[in-house]
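Residue-level structural notes
Okay, here's what each chain looks like letter by letter:
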Amino acid sequence: MMMVDDVENGSMGPFVDRPRTFPAMRSKTYTPLVFRMLMGINVRVLIILLFLGLGAVFYIGSRTSPIIVFVFTICIISFCFSIYLTKWVLDKDEGPLEMTQISDAIRDGAEGFFRTQYGTISKMAMLLAFVILSIYMFRSTTPQQESTGLGRTTNAFITVAAFLLGALCSGAAGYVGMWVSVRANVRVASAARRSAREALQIAVRAGGFSAIIVVGMAVLGVAILYATFYVFLGVDLPGSLKVTDLPLLLVGYGFGASFVALFAQLGGGIYTKAADVGADLVGKVEQGIPEDDPRNPAVIADLVGDNVGDCAARGADLFESIAAEIISAMILGGTMAQRCKIEDPSGFILFPLVVHSFDLVVSSIGILSIQGSRDSGVKVPVEDPMAILQKGYSVTIFFAVLAFGASTRWLLYTEQAPTAWLNFALCGLVGIITAYLFVWITQYYTDYKHEPVRTLALSSATGHGTNIIAGVSLGLESTALPVLVISVSIISTYWLGHTSGLVDSSGAPTGGLFGTAVATMGMLSTAAYVLTMDMFGPIADNAGGIAEMSQQPESVREITDLLDAVGNTTKATTKGFAIGSAALASFLLFSAYMDEVAAFSGNPFKEVDIAIPEVFVGGLLGSMLIFVFSAWACSAVGRTAQEVVNEVRRQFIERPGIMDYKEKPDYGRCVAIVASASLREMIKPGALAIISPIAVGFIFKLLGRLTDHPLLGAKVVASMLMFATVSGILMALFLNTAGGAWDNAKKFIETGALGGKGSDCHKAAVTGDTVGDPFKDTAGPSIHVLIKMLATITLVMAPIFL
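As annotated in an unreviewed UniProt entry, the chain carries the name H(+)-exporting diphosphatase and comes from Acorus calamus. Here the chain is described in UniProt, under the heading Subcellular location (unreviewed entry), as follows: "Endomembrane system".

Here it is as structure tokens:
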């Protein structure tokens, strides 16, 4: 305990008397090739090119629809707002030299791994693009496509171009998330020396910058792709493609985004949790030193992991969520408008883009509503950061409700059913309420202010085993309320859409599925603010690490610990939010898949009969896929963590002076171990997710030919997708909530409860946190990406199953 007290009081002896320097992980700062090329261009030339590009975008938009022009305008204004947030954050001071040295080491490690990881992902994306091109060159076409002259070759290149653009934008979203976090962390740590409120505001605005860029890019990417196809394919001209069929051409964009998000989440999750587990097992449990102690050789790798796993991966993840939801809603809107013979269907198709444009506006208001203290020099009582963030969320929801109502009246009003827009507005309201309930439920199960986490912390008093049992049971129980909320949401919104008054030519109601799509849009109508709260978490975590490593006073660490604990809760709520949206979006994509199979086969495909043995087997395979994928993701963390543990133990044995601050740990070695291992380990579960549905569909297609069941392959894949979605939702809820609860139970004990740091109770809680790490940051968030990727890959590959 004497040693721990020395660390906390800052009396470090000889090691502290000389400047603390931290080795750079790269010889120079990494900047992506695109940015290097742009920086090499003359400023005036760059401005001219920028205006020409904007002019081309708005010209294409004006040729398409005034709605597209509106979307472009909002996105551009939002990007300008994000530039303001960036300048505001970067103008804050970085603190003393030792803080900036640690921050530079984290930045170099994160950027180095990002370059290697995304280099690997880009090679796999190019290979998959070639496979998609080959498949599309030989696949069949629908009668509608043949009548418009949209042949196999054109369709193939359109799909591949959309896939590559989606992959590129998803990668850029990930880079943006990481870029801001590695620059904001040190500024939050520095602000914590003055006040908690200022540190909170910097973390929120840094997260807000990333969120606005990610959501804006998702909206702008789909809008530009839609407008480009509309103009160059001559949509709605005589003998050409109808506007209601255009959204199906965008599916490749969603698949590209899902592909990159899955590997980014897997690689980043394995990296961050392997480093975290390795650092905790040797540092906290074996050596008894605090978290983020500078003597721990794995601490820099742990802090780097927060950026590549939580920021870069989550940026790509939310980008993919929004892109998939927009495209699925556009497909359903176009299908419904076509069946109802609505004269101008553009409003129903472009409605998702407008909703997310308003999301940028209302979330910006919510971000700006969080203000710092008027006089940072005056010490004020520390407020509850979660309460402040919740106030901002409440402001965002209030304006989102108003904006959503206005959007439905503007775009979904039709003379055929004058009151339909009101039903759809209520669907959106149900979606917004669903999002709020998901955030509240996850907060209840993961925040230590509430009973579940406190009960979990209390179970640590009787040992490691009881902590694990309590954490697993809490995670299992936490699946009930979200499933009930999702069930009520789907049924109520389907009914509201069904009774909207919109009917097809035979008089049958057709608005049910679109009502569910509108609810999904309502749920994601505050996505930018929710992503802001998510990005807040790893930035606060990094700030705490920098404060600990640079030996800041205990008062600073108390502030960063408080922000970190809240960040754990906000990260968990975002994952719950993402799972809920994934459930609704997958339901929509499943319906779009059935429609596409019907269009290609020329036969009705309205239901999937699981009483057929092969179809039931497909469902079993889908559920199995979720469990095997989760197992491989967790075991990847375990294997990599073992390498880290062995390395940290070796350094402590071979360099005994580390514990007395007489020798410096080799941080770079641990960074290199987790970087290479995580890249190696992400391939296996990622390949399983991509290959499984294609292999199952193709095998059962051949079996169907032999048994004279032409749609057997498509039916088995539909069953696989259905069961995988259900199993995946439950598994992701369990993993995310259990992991977040274990983490905050440990944080609760570290506040001084139940014996505080170093007690037997604390050691048991550390074990629980270690078990929960791969649950909540590797397997859990990867599963909801997997669910949506399965939906998009089956949609893209549907023709080969027939």
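1. Observations regarding the overall build of the chain
Broken down by element type, the chain carries 25 helices and 0 strands. Computed over C-alpha atoms, the radius of gyration of the chain comes to 26 Å, within 12% of the 28 Å expected from 2.2 N^0.38 for 802 residues, which places it in the range of a compact globule. A principal-axis box enclosing the C-alpha atoms of the chain has dimensions of 85 × 60 × 45 Å. Of all 802 residues assigned to the chain, the portion counted as buried reaches 63%.

2. Some remarks on the packing of helix α6 (residues 97-138) against helix α10 (residues 251-286)
Packing of α6 against α10 brings their axes to within 10 Å, and their N-to-C directions diverge by 145 degrees. Note on packing geometry: the crossing formed by α6 with α10 is right-handed. Along the contact surface, α6 presents Phe 113, Gln 117, Tyr 118, Ile 121, Met 124, Ala 125, Leu 128 and Ile 132, while α10 presents Phe 255, Phe 259, Val 260, Phe 263, Ala 264, Gly 267, Gly 268 and Tyr 271. Its residues placed into classes, the contact of α6 with α10 shows 13 nonpolar, 3 polar and no charged.

3. Some remarks on the pattern of salt bridges
Tallied over the entire structure, the rule returns 22 salt bridges. We note a salt bridge from Glu 647 to Arg 650, for which the minimum N-O separation is 2.6 Å. Residue Glu 647 and its partner Arg 650 are located together in helix α21 (residues 613-654), separated by 3 residues, close to a single helical turn. Taking relative accessible area as the criterion, Glu 647 reaches 6% and is therefore assigned buried. Among the residues examined, Arg 650 registers a relative accessible area of 32% and is labelled partly exposed. Here Asp 773 ties to Lys 776 by a salt bridge, and the two come within 3.8 Å at their closest N and O atoms. Remark: Lys 776 and Asp 773 occur in helix α25 (residues 760-797); sequence separation between them is 3 residues, near one turn of the helix. Across this residue pair, the class does not change: Asp 773 and Lys 776 are buried.

4. Quick notes on the environment of Ile 658
Along the chain, Ile 658 falls in the loop between α21 and α22 (667-681). Distance from Ile 658 to Leu 200, taken between C-alpha atoms, is 34 Å for residues 458 residues apart in sequence. Not counting chain neighbours up to four residues away, the residues in contact with Ile 658 comprise Arg 295, Gln 651, Phe 652, Glu 663, Lys 664 and Pro 665.

5. As for the confidence of the model for the chain
Looking at the chain as a whole, its pLDDT mean stands at 82, while 91% of the residues score no less than 70. Element-level pLDDT for the chain is lowest in helix α1 (residues 2-9), with a mean of 34, against a maximum mean of 92 in helix α16 (residues 464-477). Here residues 1-28 is a poorly scored stretch, pLDDT under 50, and it has 52 contacts once near neighbours within four places are set aside; other chains count. This stretch, residues 374-380, has a pLDDT under 50; its non-local contacts, to residues over four places away or in other chains, come to 4 contacts.

6. Quick look at the packing of α6 against helix α8 (residues 152-191)
The contact between α6 and α8 brings their axes to 10 Å, and the two run at 170 degrees. Compared by their axis directions, α6 and α8 come out roughly antiparallel. Of the residues contributing to the contact of α6 with α8, the split by class is 24 nonpolar, 9 polar and 4 charged.

7. Considering the packing of aromatic side chains
Under the criterion given, the structure shown has 22 aromatic pairs. Centroid distance Tyr 444 to Tyr 445: 5.2 Å. Interplanar angle 75 degrees. Geometry classified as edge-to-face. Look at Tyr 444 and you get partly exposed, because its relative accessible area is 26%. Note on Tyr 448 and Phe 748: the rings are 5.6 Å apart at their centroids and 40 degrees apart in plane angle, and the pair reads as tilted.

8. Some remarks on the environment of Trp 440
As for its position among the elements, Trp 440 is in helix α14 (residues 420-446). Overall, Trp 440 belongs to the partly exposed group, its relative accessible area being 44%.

9. Describing the side chain of Thr 493
Summarising the element assignment, Thr 493 is placed in helix α17 (residues 480-498). For Thr 493, a relative accessible area of 0% puts it in the buried group. A polar atom in the side chain of Thr 493 sits 2.6 Å from the backbone oxygen of Ser 489. When near neighbours in sequence (up to four residues on either side) are disregarded, Thr 493 contacts Cys 427, Val 430, Gly 512, Gly 515, Thr 516 and Ala 519.

10. Details of the nonpolar core
If you look at the biggest cluster of nonpolar residues, it comprises 264 residues, and the most contacted ones within it are Tyr 226, Ile 300, Leu 353 and Tyr 593. The greatest single-element share of this core, amounting to 25 residues, is contributed by helix α9 (residues 196-232). Here Tyr 593 is in contact with Phe 605, Ala 714, Val 717, Ala 718, Thr 794, Leu 795, Ala 798 and Phe 801, once residues within four sequence places are set aside.

11. A closer look at the state of the cysteines
Taken as a whole and judged by the stated rule, the model has 0 disulfides. In this model Cys 169 remains outside any disulfide bridge; the closest cysteine sulfur is found in Cys 75, 12 Å from its own. Given the relative accessible area of 14%, Cys 169 is considered buried.

12. Some thoughts on α25
An ideal rise of 1.5 Å per residue puts 56 Å on 38 residues; α25 measures up with 54 Å between its terminal C-alpha atoms. Along α25, the sharpest change in direction is near 40 degrees and occurs at Gly 772; proline Pro 774 comes one to four residues later. Of all 38 residues in α25, 34 are buried, a share of seventy percent or more.

13. A few points about unusual backbone geometry
Of note, the phi angle at Asp 708 is positive, near 60 degrees, even though the residue is not glycine. Here Asp 708 shows up in the loop between α23 (683-706) and α24 (712-750). A positive phi is found at Leu 754, a non-glycine position, where the angle reads about 55 degrees. Owing to a relative accessible area of 35%, Leu 754 belongs among the partly exposed residues under this scheme.

14. Considering the environment of Val 503
Along the chain, Val 503 falls in the loop between α17 and α18 (512-523). With 167 residues separating them in the primary sequence, Val 503 and Met 336 have C-alpha atoms 9.0 Å apart. Setting aside its immediate chain neighbours within four residues, Val 503 contacts Arg 339, Cys 340, Ala 508, Pro 509 and Thr 510.

15. Considerations on empty space enclosed by the protein
As enumerated under the stated definition, the model contains 8 cavities of 30 Å³ or more in all. Computed from the structure, the largest cavity encloses a volume of approximately 100 Å³. For the largest cavity, the lining is made up of 16 residues, of which Lys 273, Asp 276, Glu 291, Asp 541 and Asp 743 are closest to its centre. The residue inventory of the lining of the largest cavity, partitioned by class, reads no nonpolar, 1 polar and 15 charged.

Here is what the cut-offs are and how they apply
- Residues numbered from 1 in each chain as written.
- Predicted model: local features only at pLDDT ≥ 70, side-chain atom pairs only at ≥ 80, totals over all residues.
- Heavy atoms only, no water.
- UniProt positions renumbered as here; feature names shortened; annotations may be inferred.
- Helix = DSSP H or I, 4+ residues; strand = E, 2+ residues; numbered from the N terminus.
- Rg over C-alpha atoms; globule rule 2.2 N^0.38 Å.
- Buried < 20%, exposed > 50% of the residue type's maximum accessible area, 1.4 Å probe, protein only.
- Axes fitted to C-alpha atoms, helices over the stretch in contact; angles between N-to-C directions.
- Left-handed = near helix turned anticlockwise from the far one by under 90°.
- Contact = heavy atoms within 4.5 Å.
- Nonpolar A, V, L, I, M, F, W, Y, C, P; charged D, E, K, R; others polar.
- Salt bridge = Lys/Arg side-chain N within 4 Å of Asp/Glu carboxyl O.
- pLDDT = per-residue confidence, 0-100.
- Parallel < 35°, antiparallel > 145°, perpendicular 65-115°, else oblique.
- Phe/Tyr/Trp six-rings, centres within 6.5 Å; stacked < 30°, edge-to-face > 60°.
- Polar contact = N/O pair within 3.5 Å; in protein donor to acceptor, adjacent residues only side chain to side chain.
- Core = buried A, V, L, I, M, F, W, Y, C linked by side-chain atoms within 4.5 Å.
- Disulfide = S-S within 2.5 Å.
- Expected span 1.5 Å × (residues − 1).
- Bend = angle between axes of the 7 residues up to and from the residue.
- 1 Å grid on protein atoms, 1.4 Å probe; cavity = no way out; pocket = protein on both sides within 12 Å on 5 of 7 lines; lining within 4 Å.
- Points joined across faces, edges and corners; volume = space filled by probe spheres on them.

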